[in-house]
Every structure is written in C-alpha cells, then in structure tokens.
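Overview (structure and organization)
Each chain, letter by letter, is given below.
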Amino acid sequence: MFSIYILILYILLVGFRPTRKIAVALTPWLVFACSYDAMRLWPNYEANAIDIRGLYDAEKHLFGIASGTSVLIPSEFFALHHCTAADMLAGFFYLCWVPLPLCFGLYLYFKGQRKSYLRFSLAFLFVNLLGFCGYYIHPAAPPWYAMHYGFEPLLHTSGNVAGLGRFDQLTGIPVFHALYGANANVFAAVPSLHAAYMLITTVYAVISRQRWQTVCIFALICMGIWFTAVYTGHHYVIDVLLGIAVAIVGIFVLEKFIFRIPAVKHGLERYVRFISLS
C-alpha cells in the first residue's frame, strides 16, 4: 500500500539526524496518509448501508436544474454543458487538493512559524479524521456513480475520473486516471473533504497573518475546488456544503476547546520547541 512507502520514508528520515526534526514535524501528515489508506482494510460499506438514491433525490429536490421537460442534478447538467476553459481550470483546481495545503504547511515550517505550522497541520489531520468518521457513519456514492451505474450498490467498484477525464484528454497526461485508480473507497462522498482542505488552508493563512494577496489566492482556489467537485460529478452540492461544515466545526473545536486544554497546550509547546531546535 502507498502508506507503507510513506512509513518507510518517514523511518529513514527519523533515523537520519539532519532530517529528524522535519520528520517529526511531518507526523500529522503521515497519520493522515496512513489513516486514509487504512480504509481499504475495512470498507465503510461494511459498517452501514450505502446511500445512493436518497442523496441523489435530495440533490435534485434542493438544487435541481430544469432542462427541457426534466430536472437534472447539477453534475448531470454540467456533464451535458461544459467547455474547454472550464475543464482546464477544473483540472488545475483539483490538482491543488492536497499539494497546496502541504506546501503551505512546509512554508510555515521553513519560515520559522512553527506554532502556526503545528496548529494548521493538526487542524488538517483533525478535520480529516472527522470526515473519515462521516464516511463510516453514512457511506454514500458520488454523482458519477448514480450517473453511470444507477442506484444499485456494486461493491468493489473502481474509482472513476468522471468529468476530470476531460482534463486528461486535453493535456494528454493521464494524471487523474492515475490518481483515481488508487482511490481507497468510491463510497466516501459525504462529507467532501476536497471542499474542506483549501478552506482549512485559507483560514490558517488568515490566522498566521499571511499577506492578503495570498489569502485571496487561497480563497479563489478554495471556491474553484468547490465548483469543480460538482462540475466534474465527483460530489453533490450537499457533499460540498457538509465538507465546509466539517472544516468549520473542526477548526472551531480545536481552536476554542482542544488547544486550550492545559495538558494539550503544554504538549504542543514542547512539540514546537523540539521541532525548532537547531
């Protein structure tokens, strides 16, 4: 599994003295990667029934778009009405999904904002863990599944690039085919963590007092990912809204409660001192 290679790399970095600090600093990201990959061991559809029709019908009722004599969910509408410029932008936005938050975290670390780095990294991990719990509480199929397979659950269904395949065709590079071929579970649409990641990054860009231009760029990419999730058929609008809610709740709980617990606060201070040692 992918997480095995990440774990081996982490052990090597910890064992090599010059890279030990950064390896320890990257621990929240290691836990995130391993937790995501571990979902293969116990698929969420073994915990609860998969929601396919219910979510589809709710999306059509709340956000349906009239098209001729029928009503389409937004993802169906965009599957019929798309353009090259939007397809290219969608691909670029979605490529920022994890790389940009990780790069922002590394920027904070190497700039010396170790406390901000740690708070951001732990928030990223915490929101992910909340989202993973959501996957098991309410397994749900994405729009492309209903559009391609109907409403019967077909277990072990492979990942699908859906509308992102248009980006691969335009660029001639099968980047999303490679990414979604390694998808840990296709029945993990609720909440949309794609919608959460750049929101967390934008919030902590504000908290860490980054330049307003940086915050604006992050906010633009964040909204671009929200649109892309629906435009390409990877998420319902409902998924995106729930992903935003999970990010907001996760950050609020961490900043207002967990980070203020004396034992946690002391532990974080020691962690920051350790990864800041010269």
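Residues numbered from 1 in each chain as written. Predicted model: local features only at pLDDT ≥ 70, side-chain atom pairs only at ≥ 80, totals over all residues. Heavy atoms only, no water.

Brief notes about the overall build of the protein chain
Regarding its fold elements, the protein chain presents 15 helices and 2 strands. Taken over the C-alpha atoms alone, the protein chain extends approximately 65 × 40 × 40 Å along its principal axes. Counting every position in the protein chain, which comprises 278 residues, the buried fraction comes to 47%. Surface accessibility of the protein chain: about 14,000 Å² in total, with carbon and sulfur atoms responsible for 70%. Across the protein chain, 18 positive and 12 negative side-chain charges occur, with their mean positions spaced 23 Å apart. (Helix = DSSP H or I, 4+ residues; strand = E, 2+ residues; numbered from the N terminus. Buried < 20%, exposed > 50% of the residue type's maximum accessible area, 1.4 Å probe, protein only. Areas by Shrake-Rupley, 256 points an atom, 1.4 Å probe, with all protein chains shown as cover. Lys, Arg positive; Asp, Glu negative; His and termini not counted. Charge placed at Lys NZ, Arg CZ, Asp CG, Glu CD.)

Remarks on the side chain of S121
Tracing the backbone shows S121 in helix α8 (residues 114-137). Given the relative accessible area of 1%, S121 is considered buried.

A short note on the pattern of salt bridges
For the structure shown, the criterion picks out 3 salt bridges. The closest approach of N and O atoms between D37 and R40, which form a salt bridge, is 2.8 Å. A salt bridge links D87 to R166; the shortest N-O distance between them is 2.9 Å. Linking D87 in helix α6 (residues 84-94) with R166 in helix α10 (residues 165-171), this pair joins segments that are 79 residues apart in sequence. Neither D87 nor R166 differs from the other in exposure class; each is buried. (Salt bridge = Lys/Arg side-chain N within 4 Å of Asp/Glu carboxyl O.)

Describing a positive patch on the surface
Taken together, the side chains of K115, K256, R260 and K265 define a basic patch exposed on the protein surface. Mapped onto the fold, K115 is located in helix α8. (Patch = residues over 30% accessible without salt bridge, like charges linked within 9 Å, V, L, I, M, F, W, Y side chains within 5 Å.)

Section: the nonpolar core
I200 and Y204 are the most contacted members of the largest nonpolar core, which has 59 residues in total. At 10 residues, the largest contribution of residues to this core is made by α8. Ignoring sequence-local partners within four residues, the contact set of Y204 consists of F104, R119, F120, A123, I251, E255 and F259. Core analysis: the second largest hydrophobic core is formed by 16 residues, A140, W144, F187 and Y236 among them. (Core = buried A, V, L, I, M, F, W, Y, C linked by side-chain atoms within 4.5 Å. Contact = heavy atoms within 4.5 Å.)

Things to note about the UniProt feature "transmembrane region" (unreviewed entry) in the protein chain
Per the UniProt entry, the sites bearing "transmembrane region" (unreviewed entry) are residues 88-110, 117-137, 186-207, 214-234 and 240-259 in this numbering. Here residues 88-110 runs as 83% helix and 0% strand, with 32 Å between its end C-alpha atoms. In this annotation, residues 186-207 is assigned 68% helix and 0% strand; the end-to-end C-alpha distance for the span is 34 Å. (UniProt positions renumbered as here; feature names shortened; annotations may be inferred.)

A word on helix α4 (residues 53-63)
Taken together, the buried positions of α4 are L55, Y56 and E59. Angular distribution of buried residues about the axis of α4 spans 100 degrees; they occupy a single face of the element. Next to the buried residues of α4 lie α5 (74-80), α9 (143-149) and α14 (237-256). (Arc of directions from axis to C-beta.)

Notes on the domain arrangement of the protein chain
By domain assignment, the protein chain separates into domain 1 (1-41) and domain 2 (47-275). Spacing between the C-alpha centres of domain 1 and domain 2 amounts to 22 Å. Listed per partner, the contact involves 14 residues of domain 1 and 24 residues of domain 2. Put simply, domain 1 and domain 2 have 0 salt bridges between them. Elements supplying a minimum of two residues to the side of domain 1 that touches domain 2: α2 (20-25) and α3 (27-38). In terms of residues, the side of domain 1 that touches domain 2 owes the most to one element, α3, which gives 7 residues. (Domains from an automatic or database assignment.)

Some words on the environment of V272
Positionally, V272 belongs in helix α15 (residues 262-276). With 154 residues separating them along the chain, V272 and L118 place their C-alpha atoms 7.3 Å apart. Apart from residues no more than four positions distant in its own chain, V272 is found in contact with R114, K115 and L118.

Comments concerning unusual backbone geometry
Of note, the amide linkage connecting V190 to P191 takes the cis form, showing an omega dihedral of -5 degrees. By secondary structure assignment, the location of P191 is in the loop between α11 (175-181) and α12 (193-207). Of note in the backbone geometry, H156 takes a positive phi value of approximately 65 degrees without being a glycine. Position of H156 among the secondary structure elements: in the loop between α9 and α10.

Quick notes on the packing of aromatic side chains
Evaluation of the coordinates by the stated rule reveals 28 aromatic pairs. Centre to centre, the rings of W29 and F120 are 6.0 Å apart; their planes meet at 55 degrees, and the pair counts as tilted. Residue W29 is located in helix α3, and its partner F120 is located in helix α8; the two are separated by 91 residues in the primary sequence. Residue F120 is classed as buried on the basis of its relative accessible area of 0%. Taking the centre distance of 5.4 Å and the plane angle of 80 degrees together, the rings of F92 and F167 count as edge-to-face. Placement of the pair is F92 in helix α6 and F167 in helix α10, with a sequence separation of 75 residues. (Phe/Tyr/Trp six-rings, centres within 6.5 Å; stacked < 30°, edge-to-face > 60°.)

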